[in-house]
Amino acid sequence: MESSETIHLETEDSINDSPIEEVRLTVPISDDPKLPCLTFRSWFLGLISCATLSFLNQFFGHRQNMLSISSVSAQILVLPIGKFMAAVLPRRRITIPCIKWSFSLNPGPFNLKEHCLITILANAGGNSVYAIGIVTIMKAFYHRPLNPIAAMILIQSIQLLGYGLAGIFRKFLVDSPYMWWPSNLLQVSLFRALQFFIIVLISSFAYYIVPNYLFPSISALSFVCWIWKDSVTAQQIGSGIRGLGLGSFAFDWSTVAAFIGSPLVTPGTAMINMLVGYILVVYIAIPLSYWNNLYDAKKFPIFSSHVFNSNGHPYNISVILTDQKLEFNREGYDSYSKIHLSIVLVYAYGLSFAALAATLSHVALFHGRALWQQTKVSFEDKFIDVHTRLMRKSYEPVPEWWFHTLMILVIGLALLACEGFGKELQLPYWGIFLAMFLSFVFILPAGVIYATTNQQIGLNVISEMIIGYLYPGKPLANVTFKTYGTISMSQAIMFLSDFKLGHYMKIPPKSMFIAQLVGTIVASFVYFGTAWWLLTTVENICDTTKLPIGSPWTCPVDDVFYNVSIIWGVVGPLRMFGNLGIYPQINYFFLFGLLSPLPIWYLAKKYPEKKWIKLINMPVLIAGAGALPVAKPVNYVCWFSVGLFFNFYVYRRFKGWWARHNYILSAGLDAGVAFMGILCYLALQVNGVLGPRWWGLAVGDHCPLAACPTAPGIQVKGCPVF
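Moving on to the overall build of the protein. Within the protein, the regular secondary structure consists of 29 helices and eight strands. Its C-alpha atoms give the protein a radius of gyration of 26 Å, near enough to 27 Å, the size a compact globule of 722 residues would have. Seen through its principal axes, the protein has C-alpha atoms that stretch 85 × 65 × 60 Å. Long-range pairs, those at least 24 residues apart, make up 80% of the contacts in the protein between residues at least 6 apart in sequence. Of the roughly 29,800 Å² of accessible surface on the protein, 65% is carried by carbon and sulfur atoms. Looking at the protein, you have 48 positive and 35 negative side-chain charges, and the mean spots of the two groups are 3 Å apart.

If you want it as C-alpha cells, here you go:
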C-alpha cells in the first residue's frame, strides 16, 4: 500500500520507462522516500545473514563437493522474521550516551527497503573470498607458517580494493538504463515466496544425511567400474571422478550444484551450448588425444589436477623449491624433470585461453556497435530512465571522496600486507599497482558485458601469465598478484551489481555504500576465521593420502589452486607454455578462440531468417567443460541432466509452476544441504563419529584403476604395469 508521500510515475513517465523490456516487466516505478532503511532490524538480520552465509560457504569450500549458498536463501527466510520483529519489538527509542544519537528498535512495519538492504548484506556473505586459497595452500600444502594478522590484512585489502575502483564507473554502469544487470531481476522478483521454500528446505535437510553421512558413495555412482573391476580402460571411461564419467550419476544435490552452480538458474540455450562443448571436449578431443598419446598422455592419469615428472610419478616439489625462501631452484629443476600435466589439465588451460579470446571477439562482433553506442550514451548522460530520475530526485549520491579515501586506505593495507611481515607473500609493491592497473583496464569492458549479457570475464589466466613472466620462481607472489588483479575487478563488478539492485529498489546510495562496506568487512572476518579454524583443527585437511575413509575434507578447489601456483609461480609460463616448455602449442588456443565466433557471425548475417544461428555462443560453448578439473565429470553429468529436465521439459510443460517455484526450489535445496552438513559435522564428525563402516562409506566412486597410467613400463602403486 502506498503512502501519501509515495512518488508514482504515470502517463508520460510510465511511457518513458526503462528501454529494457525485462526491467519494465519486473521493476516497479514507484518509491516512498520516507521509508526507513538502515534500521535496527536491517542491521541485526543483515549481519546475521552475512555471517551465517560466510560461515556456511567457507565450511563447504574445503569439502569434496563444494557448495555455494547464495543470498536468495537469506532473502526469503528473513521476511517472516522481519515481520515478526515488527509485531513484537517495542517502539521506544534508545539513546546512545555521550553522542546523543538515538534509534528505534521498531520504526514501523517491516518494509521492502529494509528487506533489500538485508539482502545486500547477505550478498557479501554469499560471495566467496578467493584470497582464502592463499592461506590454505600456505598452511595445508606448502606447510609454511603464516602470520594470521598479515593474512587478515591481505584478505580485507583484496576484498575492498575493487570498491574504490568501482566509484569511477558508477555513472554509466549503474545510472545508465542500458546497463540493466539481468541477474538482479531475479532478486527483484524474489522479494516474496516462502511456503514452498520451507517445504523444499526441510526435505533437502532430511535427505542429505544419506549422502553426507550414511552413504557417501551415492555422491558418485560409476556403474561401469562395478562391471569391469579389473579393466583400466573401462574405469577410465566410466569413472565419474577420475575418468570421463560415461554412465556415472549421483543422488546428491551437492554433486549437482557443486563447482558449476545450480543448473536451475542457467538458461536453456546456454546449457545446450555448454553441453555441445562438453561433448566435443570430454568425449571426443580428450579420448583421441589420450589414446594417441599426445604429450605422452598415457604416462599419467587421464584425469588429474596434479603435476607429474617424466616417469609418471607425482612431482616432488621440494626438489625445485628452496627450503627457506620458497623460491624456484633452477639447479634442482634441471637435474630432476620438467613438469607434465594430465591431458585433461592441458585441455583445461587451452580452453581457458580460447574462452577468454572468444569472449572478446564474440562481444565485439555481436554486441560491439550496440555496446559502443550505449557506452557513449552513458558518458554523455543523454538518456536517463524513470529509476534514475527517481533516485536523483529523492537521494543524495555517494560523494566521490568516500571512494577515494577508501582506495587510499586499502592501498596502504595492501602495501603493509605485502611489504611488511617479513615479505612472506613475496609480492613487491609494484605488483600491487600493476594488479590495480590490470583490474582498472578490464572493469569497464567486463562490466558492460556482464551488465548487458550476463557473461563474466575472468582475469585468472592473464594475471598468472603476466606475473609469471615478470617475476618467475615465486609461487606466493604469483597467486597474490593473481588474486589482487582478479578479485579487484570482480569485487568492483559485484559492488556495481549490488548498487544497481539498490537502484531498482530505490535504496539511498549512501545507505547502500555503508551496507556493502560493512558487509564485506564482516564477511571477510568470518570467512578467514572459519578457514583458520578448519585448517588448524581438522587433522590432515586437504591431504587425501592421510584422511580417514569417508572424510569429505579433500579441498578440490585448493588442490587446483596449489598446483596452479607450481605451474605459473614456481616453474613459470616460460618453462610450461613457452619455448622452454612442453606445451607451447597450447598458445594456439588463443588464436582459435579469437577466430571461432567469426563463422557464426558471418552465417547469422547471411541467413538472418535462421534465428537459431544467433543462439550459438562460442565463448559459452568453448567454456562448456571449462570447470574441469575442479568439477568432475559426474558433476557435469548430473548438472546437465537436472538442468535440461527443468529448463526444457518442466519449462515447456508446466510453465506456470516453473515461473513460481523453479528458483525457490534451487535455493531451498542449497539451504537444506548446508544446514544438514553443518549439523552432521558439529554433532558427529567433529567428535570422530563417522558413518557405519561399509562399502558405501567411501567418498570416491570405487574406480581405483581410473587413475592409473597405461604407458608401457610405468610403475605406480596399486596399478598394473603394461
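Following the structure, the description resumes.
Each pair of aromatic rings is reported with the distance of its centres and the angle of its planes. Enumeration over the complete set of coordinates arrives at 47 aromatic pairs. Ring centres of phenylalanine 40 and phenylalanine 103 lie 6.3 Å apart, and the angle between their planes is 20 degrees; this geometry places the pair in the stacked category. Of this pair, phenylalanine 40 sits in helix α3 (residues 40–61) while phenylalanine 103 sits in strand β4 (residues 101–104), and the two are 63 residues apart along the sequence. On the accessibility criterion, phenylalanine 40 (28% relative accessible area) is partly exposed. Ring centres of tyrosine 142 and tyrosine 562 lie 5.1 Å apart, and the angle between their planes is 70 degrees; this geometry places the pair in the edge-to-face category. Separated by 420 residues along the polypeptide, tyrosine 142 in the loop between α6 (132–141) and α7 (148–166) and tyrosine 562 in helix α24 (residues 556–571) bring together distant segments of the chain. Considered together, tyrosine 142 and tyrosine 562 belong to a single accessibility category, that of buried residues. One aromatic cluster in this structure is built from Tyr163, Trp401, Trp402, Phe403, Phe495, Phe499 and Phe513. For lysine 139, the ring lying beneath its charged end belongs to tryptophan 532, and the centroid distance is 4.4 Å. In this arrangement the basic side chain of lysine 632 is found over the ring face of phenylalanine 259, its NZ or CZ atom lying 6.0 Å from the centre.

Summarising the sheet, strand β3 (residues 93–96) and β4 pair through four bridges and their orientation is antiparallel. By the bridge assignment, isoleucine 96 is partnered in β4 with tryptophan 101. The antiparallel hairpin formed by β3 and β4 contains four residues in its connecting segment, where cysteine 98 sits at a positive phi of about 75 degrees.

Turning our eyes to something else, we now look at unusual backbone geometry. Looking along the chain, the bond that leaves leucine 628 and enters proline 629 is cis, with omega of 0 degrees. Tracing the backbone through its elements, the reader meets proline 629 in the loop between α27 (618–622) and α28 (633–653). The phi torsion at tyrosine 295 lies on the positive side, around 55 degrees, for a residue other than glycine. Note that tyrosine 295 resides in the loop between α15 (268–291) and β7 (307–308). Of note in the backbone geometry, lysine 423 takes a positive phi value of approximately 50 degrees without being a glycine. Looking at where lysine 423 falls in the secondary structure, it is placed in the loop between α19 (400–419) and α20 (429–453).

Turning next to the packing of α3 against helix α29 (residues 655–683). Running from N to C, α3 and α29 cross one another at 70 degrees; their axes reach a closest spacing of 11 Å. Relative to α29, α3 is oriented roughly perpendicular. Seen from α3, the contacting residues are Phe55, Leu56, Phe59 and Phe60; seen from α29, they are Val673, Ala674, Phe675, Gly677, Ile678 and Tyr681. Looking at the contact of α3 with α29, its residues break down into nine nonpolar, one polar and no charged.

Attention now goes to the nonpolar core. Counting 196 residues, the largest nonpolar core has Leu341, Tyr484 and Ile567 as its most contacted members. The element that contributes the greatest number of residues to this core is helix α22 (residues 475–505), accounting for 16 residues. Not counting chain neighbours up to four residues away, the residues in contact with leucine 341 comprise Phe300, Val307, Val346, Tyr349, Ile567, Met576 and Tyr583.

For the rest of this paragraph, the subject is the state of the cysteines. Counted by the stated rule, this structure contains three disulfides. Bridging cysteine 542 to cysteine 555, the disulfide has an S-S length of 2.1 Å. Judged by the sign of its S-S torsion, about -70 degrees, the cystine formed by cysteine 542 and cysteine 555 is left-handed. Of this pair, cysteine 542 sits in the loop between α23 (509–537) and α24 while cysteine 555 is found in the loop between α23 and α24, placing the two residues 13 residues apart along the sequence. With respect to burial, cysteine 542 and cysteine 555 carry one shared label: buried.

Moving on, we come to the pattern of salt bridges. Counted according to the given criterion, the structure contains seven salt bridges. Taking the shortest distance from any N to any O, the salt bridge between aspartate 334 and arginine 330 comes out at 3.7 Å. Taken together, the residues span about one helical turn, with aspartate 334 and arginine 330 both in helix α16 (residues 330–335) at a distance of four residues. For the pair aspartate 334 and arginine 330, one class covers both residues: exposed.

Right, let's talk about helix α5 (residues 112–126) for a bit. The end-to-end C-alpha separation of α5 is 20 Å, in line with the 21 Å expected for 15 residues at 1.5 Å each. α5 sits mainly inside the fold: 14 of its 15 residues count as buried. Its side-chain oxygen 2.8 Å from the backbone nitrogen of lysine 113, asparagine 111 forms the N-cap of α5.

A cluster of nonpolar residues, Phe223, Trp226, Ile227, Trp228, Trp694 and Trp695, forms a patch on the protein surface that exposes about 670 Å² of accessible area. Here tryptophan 226 falls in the partly exposed class, since its relative accessible area comes to 32%.

To continue, consider the side chain of threonine 136. Mapped onto the elements, threonine 136 comes out in helix α6. Residue contacts for threonine 136: discarding those within four places in its chain leaves His62, Phe141, Leu535, Cys542 and Asp558.

What follows deals with the side chain of lysine 482. Summarising the element assignment, lysine 482 is placed in helix α22. In terms of polar contacts, lysine 482 uses its side chain to reach the side chain of glutamate 464, at 2.9 Å. The contacts of lysine 482, once residues within four sequence positions are left out, are Tyr130, Asn460, Ser463, Glu464, Ile487, Phe561 and Val564.

On to the environment of isoleucine 567, then. By the secondary structure assignment, isoleucine 567 is in helix α24. For the pair isoleucine 567 and phenylalanine 577, spaced ten residues apart in sequence, the C-alpha to C-alpha distance is 9.7 Å. Setting aside its immediate chain neighbours within four residues, isoleucine 567 contacts Val307, Leu341, Leu345, Tyr349, Gly572, Pro573, Met576 and Phe577.

On to a positive patch on the surface. On the surface, Arg369, Lys605, Lys611 and Lys614 cluster together into a patch of positive charge. Secondary-structure assignment places lysine 614 in the loop between α26 (597–606) and α27.

With that out of the way, let us pick up the packing of helix α18 (residues 386–394) against α22. Viewed as axis vectors pointing N to C, α18 and α22 meet at an angle of 85 degrees, and their least axial separation amounts to 9 Å. Taken together, the axis directions place α18 and α22 in an arrangement best described as roughly perpendicular. Listed contacts from α22 to His387, Thr388 and Met391 of α18 are Gly502, His503 and Tyr504. In the contact of α18 with α22, the residues fall into two nonpolar, four polar and no charged.

The rules behind each value
Residues numbered from 1 in each chain as written. Predicted model: local features only at pLDDT ≥ 70, side-chain atom pairs only at ≥ 80, totals over all residues. Heavy atoms only, no water. Helix = DSSP H or I, 4+ residues; strand = E, 2+ residues; numbered from the N terminus. Rg over C-alpha atoms; globule rule 2.2 N^0.38 Å. Contact = heavy atoms within 4.5 Å. Areas by Shrake-Rupley, 256 points an atom, 1.4 Å probe, with all protein chains shown as cover. Lys, Arg positive; Asp, Glu negative; His and termini not counted. Charge placed at Lys NZ, Arg CZ, Asp CG, Glu CD. Phe/Tyr/Trp six-rings, centres within 6.5 Å; stacked < 30°, edge-to-face > 60°. Buried < 20%, exposed > 50% of the residue type's maximum accessible area, 1.4 Å probe, protein only. Lys NZ or Arg CZ within 6 Å of the ring centre and 35° of its normal. Pairing = 2+ DSSP bridges. Axes fitted to C-alpha atoms, helices over the stretch in contact; angles between N-to-C directions. Parallel < 35°, antiparallel > 145°, perpendicular 65-115°, else oblique. Nonpolar A, V, L, I, M, F, W, Y, C, P; charged D, E, K, R; others polar. Core = buried A, V, L, I, M, F, W, Y, C linked by side-chain atoms within 4.5 Å. Disulfide = S-S within 2.5 Å. Salt bridge = Lys/Arg side-chain N within 4 Å of Asp/Glu carboxyl O. Expected span 1.5 Å × (residues − 1). Polar contact = N/O pair within 3.5 Å; in protein donor to acceptor, adjacent residues only side chain to side chain. Patch = residues over 30% accessible without salt bridge, like charges linked within 9 Å, V, L, I, M, F, W, Y side chains within 5 Å.

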